[in-house]
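One-letter residues, chain by chain:
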Amino acid sequence: MIMSNWKHKHILDLSKFSLDDYKTVLELTTRFQDVPTTRSRKLPALQGRLVTNLFFESSTRTRSSFELAAKRLSADVQNFSVATSSLNKGETPLDTILTYIAMGTDILIIRHESTNVPNELAHYIDKHHINTSILNAGDGFHSHPSQGLLDLFTLANFFSPTNPSPNSLSNKKITIVGDILHSRVARSNLWALTGCGADVTLCGPKSLLPDEFSDFVLRPPSGQKYDPIKNRGSIVIKRSLKDALKGSDAVMTLRLQKERMHQNMLTDLDTYHNHYGITHESLKWCEKKVPVMHPGPVNRGIEISSQILEDDSISLIKNQVSNGIPTRMSLLYLLANRNIIES
Ligand code: ASP
């Protein structure tokens, strides 16, 4: 059915994705989008495979979305929860992880509050010639690849409903507003959006958006020798929301991630909302009607107004949630079938 020549054993960070990788994920996601409407609601593609959800940090959307995606592909699914685990008896996270690997899991989906835990684990697995794939479901500030890809799909599907592809993003101006510094979602989106040729405008106060972000994609992570994308879109920083929204084709706003702030980096939430809140009034600066996205969870009345959240003619937030399932099905499918060519 599907030609898959997928090279990645693990999905850790979108900095390693090529244009072909994005194309493959968008094509496959488009196909899987119809599965919930088929009679059985399932495909047998991952029958007999074991998928483990290992979330050391809380999650509503991502964990349930991965679980549903694995079930839609007929995989067996295990869910680890910190509260009921032996971590409470003093077991180290690595020993917990190795327990699941010893059970023969094929794909280990991991979320951890510390940056690089998924990378270090993948390194360990490769060093010990273990067959398990690691799928990063969010590590610290660093990376959230499945969110970056579902956001990419949501935008590509919005701009080209009949054929979502990397080209759908080419030369589009996407504005990302808010707490960029603490956001792994923003980082993954920067790789994905510029990788598909979109120009990104970042907007926020200096405390949440340091100037260095304009060079973000010029610095592939340490250990990565080259950027697989030749011509990326640009990144510019604007401090004023009015300037940032001018000419935008889509707006993405982010949660203020107070749990990741070392000290109180914001003096007053009302002032923040007045400067950076996405509302029907501030959206007028776009000069045309544009869609609004948010990865959730949302702080109503801070980064986004309740009225925008509830305006289905503007908000793509529900689409992001529903598109998360076929996107994650694609990732699980590709990891399970890498280097296999099916006809
Ligand atoms: N759910 C996203 C994440 O895990 C965004 C957020 O928490 O604000 O990074």
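The structure contained in this document is the topic of the report that follows. Since the structure is predicted, the reported quantities are computational estimates derived from the model, not experimental observations. (Residues numbered from 1 in each chain as written. Predicted model: local features only at pLDDT ≥ 70, side-chain atom pairs only at ≥ 80, totals over all residues. Heavy atoms only, no water.)

Details of the state of the cysteines
And step 1. Scanning the model with the defined rule gives 0 disulfides in all.
And step 2. The structure places no disulfide on C286, whose sulfur is separated from the nearest cysteine sulfur, that of C203, by 11 Å.
And step 3. Classification of C286 as buried rests on a relative accessible area of 2%. (Disulfide = S-S within 2.5 Å. Buried < 20%, exposed > 50% of the residue type's maximum accessible area, 1.4 Å probe, protein only.)

Quick word on unusual backbone geometry
Leave glycine aside and you will find that most residues have negative phi; peptide bonds, for their part, are mostly trans.
And step 1. Look at the link from G296 to P297: it is a cis peptide, with omega at -5°.
And step 2. Relative to the helices and strands, P297 resides in the loop between β9 (292-293) and α10 (306-309).
And step 3. Phi angles above zero are rare outside glycine, and S74 is one such case at about 70°.
And step 4. With respect to the element layout, S74 can be found in the loop between α2 (61-72) and β2 (76-81).
And step 5. One non-glycine residue, N116, lies in positive phi territory at about 85°. (Helix = DSSP H or I, 4+ residues; strand = E, 2+ residues; numbered from the N terminus.)

Describing the site of the ligand
And step 1. The immediate surroundings of the ligand are formed by R111, H144, R184, V185, R255, G296 and P297.
And step 2. A distance of 3.1 Å separates an oxygen atom of the ligand from a polar atom in the side chain of R111.
And step 3. For the ligand, the accessible surface in isolation is 260 Å², of which the surrounding protein chains cover 91%.
And step 4. A class-by-class count of the residues in the shell around the ligand yields 2 nonpolar, 2 polar and 3 charged. (Near = heavy atom within 4 Å. Polar contact = N/O pair within 3.5 Å; in protein donor to acceptor, adjacent residues only side chain to side chain. Areas by Shrake-Rupley, 256 points an atom, 1.4 Å probe, with all protein chains shown as cover. Nonpolar A, V, L, I, M, F, W, Y, C, P; charged D, E, K, R; others polar.)

With respect to the packing of aromatic side chains
And step 1. In total, this model carries 9 aromatic pairs according to the counting rule given.
And step 2. With 5.4 Å between their ring centres and 40° between their planes, Y272 and Y276 make a pair best called tilted. Here Y272 and its partner Y276 are both found in helix α8 (residues 269-276), 4 residues apart, which amounts to about one turn of the helix. When sorted by exposure, Y272 lands in the same class as Y276, which is buried.
And step 3. Taking NZ or CZ as reference, K172 lies 4.8 Å from the ring centre of F159, over its face.
And step 4. Note that R328 overlies the ring of F66, its terminal NZ or CZ placed 4.9 Å from the centroid. (Phe/Tyr/Trp six-rings, centres within 6.5 Å; stacked < 30°, edge-to-face > 60°. Lys NZ or Arg CZ within 6 Å of the ring centre and 35° of its normal.)

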